[in-house]
Amino acid sequence: MASCVSGCSSVMRFCQKLNRLKTLEDDVMATSLKRCLSTVDLALLGVGGMVGSGLYVLTGTVAKDTAGPAVVVSFLIAGVASLMAALCYAEFGARVPKTGSAYMFTYVSVGEIWAFLIGWNVILEYMIGGAAVARAWSGYLDSIFNHRIQNFTESHVMRWDVPFITHYPDLLAASILLVASFFISFGVRVSSWLNHIFSAISMAVIAFILVFGFILADPVNWSAREGGFAPFGFSGIMAGTATCFYAFVGFDVIAASSEEASNPQKAIPIATAISLGLAATAYVLVSTVLTLMVPWHTLDPNSALSDAFFRRGYSWAGFIVAVGSICAMNTVLLSNLFSLPRIVYAMSEDGLFFSVFSRVNPVTKVPVIAILVFGSLMAFLALIFDLEALVQFLSIGTLLAYTFVAASIIVLRYQQDKCTGSSGGIKTDASSTPSLNQSGQQVDPSVAVNETQTFAQDSGEPKEYESFSDKLQLVERQKAVKERRAAGTLKARWEPYLGRILGDCEPGEVVAFSVLALMVSAVSFSAVLVFGTNQLHLPVWSFTLLLVIFSLVFLLSLALIWVHEQQPNNKTFQVPLVPFVPGFSILLNVFLMLKLSPLTWIRFTIWLAAGLLVYFGYGVWHSKEGLREQQGQEVAARYVVLPSGSLVETVQNVQPEGHTHNTHTPTLDNPPASR
């Protein structure tokens, strides 16, 4: 029996080790990187990450095959849906201005192993995304020269016929990645200026497309004679929305750059809003121009914009579009190469990944080793894999990261043991942590100090109130302080109704259970919606009943979270309408993940298994949080009451044999009652 209890306790301790949270330093602005990025720099990084080859390829593909001219509505809905995820990233980037993006956000709110898996998958997403963009860049340039580059490589270099591998080594794609990695290793300012140049050219080309395109626009192309505005109906619009959602993937580069932002508390939310707004505007207007220039059913999915100008008699405009496309793909390439090493750096800095990648060059203030190593790996992927094989694996890791970040926002908002430090970040500080009174209400020290100061002048004399309004304001302030309850506890107005059921729960306990129920119900609802009719062959009544049940559980979970108190924080940006905005973001992300192909899930599982091997083989043993816990356990404290009645505290470091023990014995003549 004793051995069973001992085994259970060991398992519990190991599970606690896997779910430990990251402890942030008091000064969250301290960093070994260089804080030099402005709001404009961050906004252009975000625009560069979102407005890439999708603007020149995705618009034509969705318009012809999925939604018709209603692709405009699809992009609009996808932009709003992306905004929910972007707001979650913006709040975390402002509150936790540390590099690492979704990995860091999950680490400070959910747990270590989940953070590692998120970071591990985001690494793969960035590697494949960068390699895919390089392949598209190479193919686009090759098509301009009538495929002479491909023909020369196959004839004079090498050609092979191997499954899942390209027919020839794409030396051009690999070379552009190596050159870009070389420039990025010179520092964040060089990367930012390169992005500025390519973004400026890309936006100038977009402006040309819009002005010249609206001149050539013909409203007849949206008329019933050409099939109407929405030839595929509402289902086509929503199917197009699911595809267009991936066009906005890339805004997380802003959060990944928060440790290099000059003023992340203000710059991250503003840059996120600006970049997403510009990207959505560009996609909506370009798709409008494209479908008004030529009939939607005659579009060329591979080069829709160039082909549209060519068919209207302006073939020279196709070369301008080609320049804009290449510059846009360069910005996406820089975005991937900029973000990937910083995710690796954050994981290595925490001890979860190999420490060599956490080394920062003292001159350029960037992780040069991480940049060059993972840039070379990205170039290797682009060298041997074709574009189709790479694209099939995209998106699943990004959607998983979006899901965990949204869940982390809910968990963080309702944690009662966290507070906002002076810099707007999250820290645990006994001197400023709000205390709880016997009724579970929160007493904020800063408010208490302010309240005390209202009773006294600078001279220390009691303040004499001159009017009844002054006294009324004091009473209202005292009432607000008294009624403020701790985060994670039931709101006062719901106490009479739910107090008997939920009143005995620990602060945050109901919220944690509700977040779990929210995730399970979102997965179940999406699974029934995606697989219910085709794969599972459910009858209509069963399909409808399951959807109703899971939707009710989802909404009930949101309601249970909403009736609890949130953290008061007015210093940094906050997502509005929590938990509803993050909750529906979770539902959308899960739905899109289940729409991916089974082969993508198989590859994802294999990569996940490899990540678990790395974590349990290296990360869990070198985690700095684990080392901090061990150091805390190596300090033993004992108290000795002397005959004089004073109290002596003896603190002794427990060290291996053969080492000298350092002992510090402060004497307290008037010990606190708690001692």
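Residues numbered from 1 in each chain as written. Predicted model: local features only at pLDDT ≥ 70, side-chain atom pairs only at ≥ 80, totals over all residues. Heavy atoms only, no water.

## As for the overall build of the chain
Here is step 1: If you tally the helices and strands in the chain, you get 25 helices and eight strands.
Here is step 2: Across the 675 residues of the chain, 50% fall into the buried class.
Here is step 3: When contacts within the chain are restricted to residue pairs at least 6 apart in sequence, those whose partners lie at least 24 apart make up 78%.
Here is step 4: A total of about 31,400 Å² of accessible surface is found on the chain, and carbon and sulfur atoms cover 65% of it. (Helix = DSSP H or I, 4+ residues; strand = E, 2+ residues; numbered from the N terminus. Buried < 20%, exposed > 50% of the residue type's maximum accessible area, 1.4 Å probe, protein only. Contact = heavy atoms within 4.5 Å. Areas by Shrake-Rupley, 256 points an atom, 1.4 Å probe, with all protein chains shown as cover.)

## Remarks on helix α13 (residues 304–311)
Here is step 1: In terms of residue burial, α13 counts as a mostly covered element, since six of its eight residues are buried.
Here is step 2: Listed in full, the buried residues belonging to α13 are Ala-304, Leu-305, Ser-306, Asp-307, Ala-308 and Phe-309.
Here is step 3: Looking at the buried residues of α13, the elements they touch are α3 (53–67), α6 (112–144), α9 (188–215), α12 (264–293) and α14 (316–349).
Here is step 4: Of the residues one or two after α13, Gly-313 is the one with positive phi, at around 95°.

## What to know about the packing of aromatic side chains
Here is step 1: Applying the stated rule across the entire model yields 35 aromatic pairs.
Here is step 2: Summarising the aromatic geometry, the rings of Phe-554 and Phe-584 are spaced 5.7 Å apart at their centres and angled 65° between planes, so their arrangement reads as edge-to-face. With Phe-554 in helix α22 (residues 540–562) and Phe-584 in helix α23 (residues 580–594), the pair connects residues that are 30 residues apart, well separated along the chain.
Here is step 3: The class of Phe-554 is buried, set by a relative accessible area of 5%.
Here is step 4: Members of the aromatic cluster, joined through ring pairs, are Phe-116, Trp-120, Phe-353, Phe-354, Phe-357, Phe-374, Trp-607, Tyr-615, Phe-616 and Tyr-618.
Here is step 5: Note that Arg-342 overlies the ring of Phe-338, its terminal NZ or CZ placed 3.8 Å from the centroid. (Phe/Tyr/Trp six-rings, centres within 6.5 Å; stacked < 30°, edge-to-face > 60°. Lys NZ or Arg CZ within 6 Å of the ring centre and 35° of its normal.)

## Digging into unusual backbone geometry
Here is step 1: Of the consecutive residues Val-578 and Pro-579, the connecting peptide bond is found in the cis state with omega at 15°.
Here is step 2: Of note, Pro-579 is situated in the loop between α22 and α23.
Here is step 3: Despite not being glycine, Lys-365 has its phi angle at roughly 60°, a positive value.
Here is step 4: Tracing the backbone shows Lys-365 in the loop between α14 and α15 (368–384).

## Overview of the packing of helix α4 (residues 71–95) against α23
Here is step 1: Put simply, α4 and α23 touch, their axes get as near as 9 Å, and they point 120° apart. For the element pair α4 / α23, the angle class is oblique. The element α4 and its partner α23 pack so that their crossing is left-handed. Residues Ala-81, Met-84, Ala-85 and Cys-88 of α4 touch α23, and the partners they reach there are Val-581, Pro-582, Phe-584, Ser-585 and Leu-588.
Here is step 2: A breakdown of the residues in the contact of α4 with α23 according to their chemical character gives eight nonpolar, one polar and no charged. (Axes fitted to C-alpha atoms, helices over the stretch in contact; angles between N-to-C directions. Parallel < 35°, antiparallel > 145°, perpendicular 65-115°, else oblique. Left-handed = near helix turned anticlockwise from the far one by under 90°. Nonpolar A, V, L, I, M, F, W, Y, C, P; charged D, E, K, R; others polar.)

## As for the environment of Ala-134
Here is step 1: Within the element layout of this structure, Ala-134 appears in helix α6.
Here is step 2: When neighbours within four sequence positions are excluded, Ala-134 is seen to be in contact with Ala-173, Ile-176, Leu-177, Leu-333 and Ala-382.

## Side note on the side chain of Asn-589
Here is step 1: Here Asn-589 lies in helix α23.
Here is step 2: According to the relative accessible area criterion, Asn-589 is buried, its value standing at 1%.
Here is step 3: Here Ser-585 takes part through its backbone oxygen, which lies 2.9 Å from a polar atom of the side chain of Asn-589. (Polar contact = N/O pair within 3.5 Å; in protein donor to acceptor, adjacent residues only side chain to side chain.)

## Description of the pattern of salt bridges
Here is step 1: Inspection of the entire model under this criterion finds 10 salt bridges.
Here is step 2: Put simply, Arg-189 and Asp-41 hold a salt bridge, and the shortest N to O gap is 3.1 Å. Of this pair, Arg-189 sits in helix α9 while Asp-41 is found in helix α2 (residues 39–50), placing the two residues 148 residues apart along the sequence.
Here is step 3: We note a salt bridge from Glu-91 to Arg-95, for which the minimum N-O separation is 3.4 Å. On the criterion of helical spacing, the pair formed by Glu-91 and Arg-95 is a turn pair, its members being four residues apart in helix α4.
Here is step 4: The exposure class assigned to Glu-91 is buried, which follows from its relative accessible area of 1%.
Here is step 5: Overlapping salt bridges bring together Glu-91, Arg-95 and Arg-413 as one network. (Salt bridge = Lys/Arg side-chain N within 4 Å of Asp/Glu carboxyl O.)

## Side note on the side chain of Asn-121
Here is step 1: By the element assignment, Asn-121 lies in helix α6.
Here is step 2: Within the local environment of Asn-121, its side chain forms a polar contact with the backbone oxygen of Leu-117, the two atoms lying 2.7 Å apart.
Here is step 3: Contact partners of Asn-121, with chain neighbours within four places excluded, come to Gly-397, Leu-400, Phe-604, Trp-607 and Leu-608.

## Here's the deal with α2
Here is step 1: The terminal C-alpha atoms of α2 lie 17 Å apart, and with 12 residues this matches the ideal 16 Å at 1.5 Å per residue to within 8%.
Here is step 2: Of all 12 residues that make up α2, 10 are buried, and the element is covered over most of its length.
Here is step 3: Looking only at α2, the buried set comprises Asp-41, Leu-42, Ala-43, Leu-44, Leu-45, Gly-46, Val-47, Gly-48, Gly-49 and Met-50.
Here is step 4: In this fold, the buried residues of α2 make contact with α9, α11 (252–256), α12 and α14. (Expected span 1.5 Å × (residues − 1).)

## Things to note about the nonpolar core
Here is step 1: Tyr-56, Tyr-89 and Phe-248 are the most contacted members of the largest nonpolar core, which has 147 residues in total.
Here is step 2: Here this core gets 16 residues from one element, more than from any other, and that element is α6.
Here is step 3: If we ignore the near neighbours within four places in the chain, the residues touching Tyr-56 are Ser-202, Val-205, Ile-206, Ile-209, Ala-304, Leu-305, Val-321, Gly-324, Ser-325 and Ala-328.
Here is step 4: Counting 13 residues, the second largest nonpolar core, distinct from the first, contains Leu-42, Ala-261, Ala-271 and Phe-338. (Core = buried A, V, L, I, M, F, W, Y, C linked by side-chain atoms within 4.5 Å.)

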